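Architecture and fold: a report
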Amino acid sequence: MAYQIPRGTQDIYGDEGYRWQQLEKLLRHFCSLYNFEEIRTPIFEHTNVFKRENDSSDMVNKEMYTFTPANSSTSLTLRPEGTAGVVRSYVENHMYASPDLPIKLYYLGPMHRHERPQKGRLRIFNQFGVESLGIKSPYADAEVMVLAFSILKALGLENITILLNTLGDNESRDAYRKALKEYFAPYVEDLCADCKRRYEQNPLRLLDCKIDHDKECMKNAPKMSDYLNEESREYFATVKNLLDQMGIPYRVDDNLVRGLDYYTHTVFEIVSESKQMGAQSTLLAGGRYDNLIPYYGGPEQSGIGWALGEERLLLALEAEGSEIGEKPLMDVYVMVLNPEARSYAFELLTELRANGFRSEMDMQGKSFKSQFKAADRANAQVTMLIGEDEFVSSKVTLKNKQTKEQISVPAHEMIDALDHWFNEEDHDHEGHDHDHHHHDHDHH
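Cut-offs applied
- Residues numbered from 1 in each chain as written.
- Predicted model: local features only at pLDDT ≥ 70, side-chain atom pairs only at ≥ 80, totals over all residues.
- Heavy atoms only, no water.
- Core = buried A, V, L, I, M, F, W, Y, C linked by side-chain atoms within 4.5 Å.
- Buried < 20%, exposed > 50% of the residue type's maximum accessible area, 1.4 Å probe, protein only.
- Helix = DSSP H or I, 4+ residues; strand = E, 2+ residues; numbered from the N terminus.
- Contact = heavy atoms within 4.5 Å.
- Phe/Tyr/Trp six-rings, centres within 6.5 Å; stacked < 30°, edge-to-face > 60°.
- Pairing = 2+ DSSP bridges.
- Axes fitted to C-alpha atoms, helices over the stretch in contact; angles between N-to-C directions.
- Left-handed = near helix turned anticlockwise from the far one by under 90°.
- Nonpolar A, V, L, I, M, F, W, Y, C, P; charged D, E, K, R; others polar.
- pLDDT = per-residue confidence, 0-100.
- Polar contact = N/O pair within 3.5 Å; in protein donor to acceptor, adjacent residues only side chain to side chain.
- Patch = residues over 30% accessible without salt bridge, like charges linked within 9 Å, V, L, I, M, F, W, Y side chains within 5 Å.
- Areas by Shrake-Rupley, 256 points an atom, 1.4 Å probe, with all protein chains shown as cover.
- Salt bridge = Lys/Arg side-chain N within 4 Å of Asp/Glu carboxyl O.

The next point concerns the nonpolar core. Judged by nonpolar contacts, the single largest core of 47 residues is most densely connected at Leu133 and Phe184. Top element by residues in this core is helix H4 (residues 83–92). It accounts for 5 residues. Aside from chain neighbours lying at most four places away, what touches Phe184 is Leu191, Tyr199, Leu206, Cys217, Met218 and Ala221. The next biggest cluster of nonpolar side chains, apart from the first, holds 40 residues, and it includes Leu23, Phe236, Leu314 and Ala316.

As structure tokens, then:
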């Protein structure tokens, strides 16, 4: 029986692995600039962390992986999204009591949803997200949106726009919900089964229906903006002014309600409108939540966050032809020309690595020709030849791929000679960050 990966999952390795590393390195770098710190929460939580009462979202109703371990009565669920676990941790660890709010966190890792796998949408997918917790301020809203926009720009995405809407505070939303219920009452019978449930659970979600969205009754539905109270209107105006000041492009979209039930005030998506992506494609999405921290037992505090799917983002980068993540070059390939000299070569290899040179050698006793090809495939900048002469007289022979120069030096001068070569090349090379004995060999 051949073992196979489960449907809707993937192995990431090789060149693809480098793309993931480069992407995550950039994400972490931006978070550090904006003073967001990493949080790692468990991959599974108690089911009630995700299954909040009266949640009408499909994710909770249809897509969760829930299990009860043998000899246990506790129901656990693999996390389908990141926010719930982060807010649970915020409350459980009393982060809300910090004198320096907001607490700014980011997370990155696998999420799990049992849905039909399709391009860019898997059953185990990787999500990166940020949460800014503990204060309610239009500045915090603007901060997370500027962070998101800057990341996408830095990755080389050109035609991106923020779609923006406000769902107002609880009071505004209650008024709007009531208006929607009255408006949709005569049409409920004609809507899809999910919409019939949404009508009862959360009529806001009717506007998000993929099946009924072209119906006449959807197009004429009342708009949230007509039901906002003064405070909510002012809050939204400040958010828009801040984005204007930063010169960040956005469009207000009345139908943007977001797929989760806990949002209040600002909700947003960043979409790519590039021709290559075909239909308008959402790259990341988020919003503010006033009710989530108290729901998990914390004080009446607010938070805002967003998340992006890394698979989806990498597809978008590919479509736009934005290059990310090339395999770092090999610095030195050690070629063993004499079996007697192999242990000596291995010792030198270890010294190279200890000095920060990315190095490799043949351990199978391949022919000289095969080793030469291997060095070439590894794109080694320097090949080091170790034969009987070198072994007997404790020397090394080094050959520089770029300049074709070949030198023979005593083994104890090997590091100095290589330092000299790599520093020489630095002005036209990819910038090795070289201190004498500490090479942070970082090929960009």
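Before going further, it helps to examine the environment of Leu147. Among the structural elements, Leu147 can be located in helix H5 (residues 138–154). A sequence separation of 114 residues divides Leu147 from Leu33, and the C-alpha atoms of the two residues are 9.4 Å apart. Contact partners of Leu147, with chain neighbours within four places excluded, come to Phe30, Tyr34, Phe36, Val130 and Trp306.

What follows concerns the packing of aromatic side chains. Per the counting criterion, the structure on display carries 11 aromatic pairs. Plain terms: the ring middles of Phe357 and Phe422 are 5.4 Å apart, the flat faces sit at 35 degrees to each other, and that makes the pair tilted. With Phe357 in the loop between helix H12 (342–354) and strand E13 (359–361) and Phe422 in helix H15 (residues 414–425), this residue pair connects regions lying 65 residues apart in the sequence. On the basis of relative accessible area, Phe357 is assigned to the buried category, the value being 2%. Where Phe368 meets Phe372, the ring centres are 6.5 Å apart and the plane angle is 45 degrees; that geometry is what we call tilted. Of this pair, Phe368 and Phe372 are both found in helix H13 (residues 368–377), 4 residues apart, which corresponds to roughly one turn of the helix. Judged by relative accessible area, Phe372 falls into the partly exposed class, the value being 45%. Joined through ring pairs, the aromatic side chains of Tyr106, Phe128 and Trp306 make up one cluster.

Attention now moves to the side chain of Glu115. Its place among the elements puts Glu115 in the loop between strand E5 (103–112) and strand E6 (124–133). In this view, Glu115 contacts Glu63, Arg121 and Arg123; residues no more than four positions away in its chain are not counted.

On to the sheet that holds strand E2 (residues 44–46), then. If you trace the 3 strands from one edge of the open sheet to the other, you get E2-E4-E3, paired in antiparallel fashion. Looking at the sheet topology across the chains shown, the edges are occupied by E2 and strand E3 (66–67).

With that out of the way, let us pick up H4. Most of H4 is tucked away: 9 of the 10 residues are buried. Taken residue by residue, H4 has Thr83, Ala84, Gly85, Val86, Val87, Arg88, Ser89, Tyr90 and Val91 as its buried positions. At its buried positions, H4 is contacted by E2, helix H2 (47–50), E5, E6, strand E10 (281–289) and helix H10 (292–295). Two residues or fewer past H4, His94 is found with a positive phi of approximately 50 degrees.

This part covers the packing of helix H1 (residues 14–33) against H5. Each pair of packed helices can be described by the angle between their axes along with the distance between the axes. Two numbers describe how H1 lies on H5: the axes approach to 10 Å, and their chain directions differ by 140 degrees. The crossing of H1 and H5 is right-handed. For the pair formed by H1 and H5, the contact residues are Leu26, Leu27 and Phe30 on the first element and Leu147, Ser150, Ile151 and Ala154 on the second. Looking at the contact of H1 with H5 residue by residue, the classes come out as 6 nonpolar, 1 polar and no charged.

So, on to the confidence of the model for the protein. Residues with a pLDDT of 70 or more make up 91% of the protein, whose mean pLDDT is 88. Confidence, expressed as mean pLDDT per element, reaches its minimum in the protein at strand E17 (residues 433–434) with 45 and its maximum at strand E1 (residues 37–38) with 98. Across residues 427–444, confidence stays below pLDDT 50; counting only partners more than four residues off in sequence or on other chains, it has 40 contacts.

With respect to the helices and strands, Glu81 occurs in the loop between strand E4 (76–78) and H4. Reaching out from Glu81, the side chain makes a polar contact with the backbone nitrogen of Thr83 at a distance of 2.9 Å.

It is worth spelling out a nonpolar patch on the surface at this point. On the surface, Leu337, Phe368 and Phe372 cluster together into a nonpolar patch covering about 310 Å² of accessible area. Residue Phe368 is classed as partly exposed on the basis of its relative accessible area, which comes to 47%.

All told, the structure shown has 13 salt bridges when counted by the stated rule. Taking the shortest distance from any N to any O, the salt bridge between Arg88 and Glu45 comes out at 2.8 Å. With Arg88 in helix H4 and Glu45 in strand E2, the pair connects residues that are 43 residues apart, well separated along the chain. Like Arg88, the residue Glu45 is buried in the burial classification. In this structure, Glu143 engages Lys104 in a salt bridge whose closest nitrogen and oxygen atoms are separated by 2.8 Å.

Spatial ordering of the open sheet is given by E1-E5-E6-E11-E10-E9-E7-E8, a layout of 8 strands whose pairing is mixed. Where the open sheet ends on each side, the last strands, each with one partner, are E1 and strand E8 (250–252). Pairing between E1 and E5: 2 bridges, direction parallel. Within E5, the position partnered with Glu38 by the bridge is Tyr106.

Let's shift gears to the pairing of E6. In terms of residue burial, E6 counts as a mostly covered element, since 9 of its 10 residues are buried. Bridge count between E5 and E6: 10 bridges; the pairing is antiparallel. Looking at E6, one finds that Pro110 is bridged to Asn126. The pairing of E6 with strand E11 (residues 303–309) spans 7 bridges and is classified as antiparallel. Paired with Gln127 across the two strands is Gly309, which belongs to E11.

Glycine aside, residues mostly have negative phi angles, and peptide bonds mostly take the trans form. Leu101 connects to Pro102 through a cis peptide bond whose omega is 0 degrees. Here Pro102 is to be found in the loop between H4 and E5. The backbone of Asn71 shows a phi angle near 45 degrees, a positive value even though the residue is not glycine. Checked against the element boundaries, Asn71 lands in the loop between E3 and E4. Phi is positive for His94, close to 50 degrees, though the residue is something other than glycine. Examined against the element boundaries, His94 turns out to sit in the loop between H4 and E5.

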